[in-house]
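# Breakdown of the fold
Single-letter residue listing:
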Amino acid sequence: MRGCAKASAFVQPRGCRMKQILYMEPVLKERIWGGERLRDFGYSLQSDRVGECWGVSAHPNGCCRVRSGPYDGRTLADLWSSERELFGGAEGEDFPLLIKLIDARTDLSIQVHPDDRYAFENENGAKGKTECWYVVDATEGATIIIGHHAESREEFRRMVGEHRYSELLREIPVKAGDFFQIDPGCVHAIKGGTLILETQTNSDVTYRIYDYDRLQNGALRPLHTKQAIDVVEAPFCEAKSRPEKTVTRIGDCTLTCFSRRPQYTVYLAETDGTADIPLSGMFHTMSVLSGSGFIDGSRVTKGDHLILSAGYGNICAVGSFTAMITRV
Ligand code: ZN
């Protein structure tokens, strides 16, 4: 194995205390549609219906704590508000990202998100939501819903009104390794059998279009048909949901950039050996999806979620592991 170049080439930007790796303590969420596959990531599940692991989250509904090092025990929300230099020049009241693993045993409802402008005007100044999915695992024959077949908003409205969902919704097969970018206005649903890593902006605004007429605690969950029709992109543009990926080889690492959006850039790093991977000046999140190894001597293993502080410079990755890396 080759050694990584010395980190001495790295010049710390002003205001940056030091390189920090913040290991997150994930927050697990029970969901009616959840399963047991998140156990494979090393998490201890308290039920057989665990649907979500919030790996990097400062959201009040499930805020991660740091699990070692100088910030041990502190929440990500606390660090965001009082140790902002860890995140460089990032701005905003709230931490910008929410990164989850999602294990769908059964189908999730069909939904769409607004853009910033619609959310601001209609949801008390809230932000819109952009998200993307990397398929970690999918059972034989698994499908998801991305987009729809209506030619116009008017046709979308009519088909929803007539409950012609199977005709309207664009259901496609999925397999491990697939990637989907879901911009505001893109109709989507995760279906049973799929396990994904979801990177999303930190927003809660979701408009539910259809929930398969299922009952939860004896009642239908509310739908947001008017808002969904307002924000839906029609016709659907497939190219936006499958952005062209770019692949770079650095040392023994293959780095695949799946999506660049104003909100985030998402890479998959597949390391098998040694690689000296340059990071931009911003902070990065990393979610380890398989294997194990070391980042600058710190052990990383499947199921770990961490943040590399702003100005970290190069990372020296050693071992055999796959990780999703996101930067804002
Ligand atoms: Zn969504």
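Residues numbered from 1 in each chain as written. Predicted model: local features only at pLDDT ≥ 70, side-chain atom pairs only at ≥ 80, totals over all residues. Heavy atoms only, no water.

This part is about the coordination of the zinc ion. Each protein donor to the zinc ion is listed here as Q111 (OE1), H113 (NE2), E131 (OE) and H188 (NE2); together their distances run 2.1 to 2.6 Å. All donors of the zinc ion belong to a single chain; written as a sequence motif, their spacing is Q-x1-H-x17-E-x56-H. Note that Q111 is positioned in strand β6 (residues 110-112) and H188 in strand β11 (residues 188-190), a separation of 77 residues in sequence. (Donors = N, O, S within 2.8 Å, 3.2 Å for Na, K, Ca; no water. Helix = DSSP H or I, 4+ residues; strand = E, 2+ residues; numbered from the N terminus.)

Below, the discussion takes up the side chain of T199. Residue placement: T199 occurs in strand β12 (residues 194-201). Setting aside its immediate chain neighbours within four residues, T199 contacts L98, I99, T130, E131, C132, Y264, V266 and T326. (Contact = heavy atoms within 4.5 Å.)

Inspection of the entire model under this criterion finds 23 salt bridges. The residue R37 makes a salt bridge to D137 at a minimum N-O spacing of 3.4 Å. Of this pair, R37 sits in the loop between β2 (27-35) and β3 (50-56) while D137 sits in strand β7 (residues 131-138), and the two are 100 residues apart along the sequence. For D137, a relative accessible area of 33% corresponds to the partly exposed category. Residues E154 and R157 are paired through a salt bridge, measuring 3.2 Å at the closest nitrogen-oxygen approach. On the criterion of helical spacing, the pair formed by E154 and R157 is a turn pair, its members being three residues apart in helix α3 (residues 153-161). Through salt bridges that share partners, R31, E52 and K100 make up one connected network. (Salt bridge = Lys/Arg side-chain N within 4 Å of Asp/Glu carboxyl O. Buried < 20%, exposed > 50% of the residue type's maximum accessible area, 1.4 Å probe, protein only.)

The next subject is α3. Three or more residues of α3 are buried, namely F156, M159 and V160. The arc that holds every buried residue of α3, seen down its axis, measures 100°, which confines them to one face. Contact partners of the buried residues in α3: β8 (143-148), α4 (165-168), β13 (207-210) and α5 (225-231). H163 occupies a position one or two residues after α3 and carries a positive phi of about 55°. (Arc of directions from axis to C-beta.)

Summary statistics for the protein chain give a mean pLDDT of 93 and a share of 95% for residues scoring 70 or more. Taken together, the stretch residues 6-16 has pLDDT below 50 and engages in 11 contacts with residues farther than four places along the chain or on a different chain. (pLDDT = per-residue confidence, 0-100.)

Another point: the packing of aromatic side chains. Summed over the entire model, instances satisfying the criterion amount to 12 aromatic pairs. Taking the centre distance of 5.9 Å and the plane angle of 70° together, the rings of F87 and F95 count as edge-to-face. Aromatic side chains F179 and F258 sit 4.7 Å apart centroid to centroid with 10° between the ring planes, which places their arrangement in the stacked category. A residue pair is termed long-range when its members are at least 10 positions apart, and F179 in strand β10 (residues 179-182) and F258 in strand β17 (residues 253-260) qualify at 79 residues. Of the two residues, F179 and F258, neither departs from the other in class, the shared state being buried. Taken together through their ring pairs, the aromatic side chains of W80, F87, F95 and F283 make up a single cluster. (Phe/Tyr/Trp six-rings, centres within 6.5 Å; stacked < 30°, edge-to-face > 60°.)

Before going further, it helps to spend a moment on the side chain of S259. Position of S259 relative to the elements: it lies in strand β17. The exposure class assigned to S259 is buried, which follows from its relative accessible area of 1%. For S259, the side chain forms a polar contact with the side chain of Q181, separated by 2.8 Å. The residues contacting S259, other than those within four sequence positions of it, are F179, Q181, P243, Y264, T265 and V266. (Polar contact = N/O pair within 3.5 Å; in protein donor to acceptor, adjacent residues only side chain to side chain.)

Residues F87, F95, L101 and I307 are the most contacted members of the largest nonpolar core, which totals 40 residues. Those elements that place two or more of their residues in this core are β1 (21-25), β3, α1 (76-82), β5 (97-103), β7, β12 and β18 (265-278). Composition of this core by domain shows at least three residues from each of domain 1 (25-238) and domain 2 (246-327). Counting 22 residues, the second largest nonpolar core, distinct from the first, contains C253, M286, L308 and I315. (Core = buried A, V, L, I, M, F, W, Y, C linked by side-chain atoms within 4.5 Å. Domains from an automatic or database assignment.)

Quick look at the domain arrangement of the protein chain now. Looking at the assigned domains, one finds that the protein chain contains domain 1 (25-238) and domain 2 (246-327). The straight-line distance from the C-alpha centre of domain 1 to that of domain 2 is 23 Å. Opposite the 32 residues of domain 1 that make contact, domain 2 presents 22 residues. Carbon and sulfur atoms make up 71% of the area that domain 1 and domain 2 hide from each other, which totals about 2200 Å². Contact with domain 2 buries surface across domain 1, with F41, Y134 and F179 losing the most and accounting together for 22% of the total. Linking domain 1 with domain 2 are two salt bridges. The partner of R67 in a salt bridge is D304, with the nearest N and O atoms 2.8 Å apart. At the boundary of domain 1 and domain 2, one finds nine residue pairs in polar contact (both at pLDDT 80 or more). (Buried area = accessible area lost by both parts, 1.4 Å probe.)

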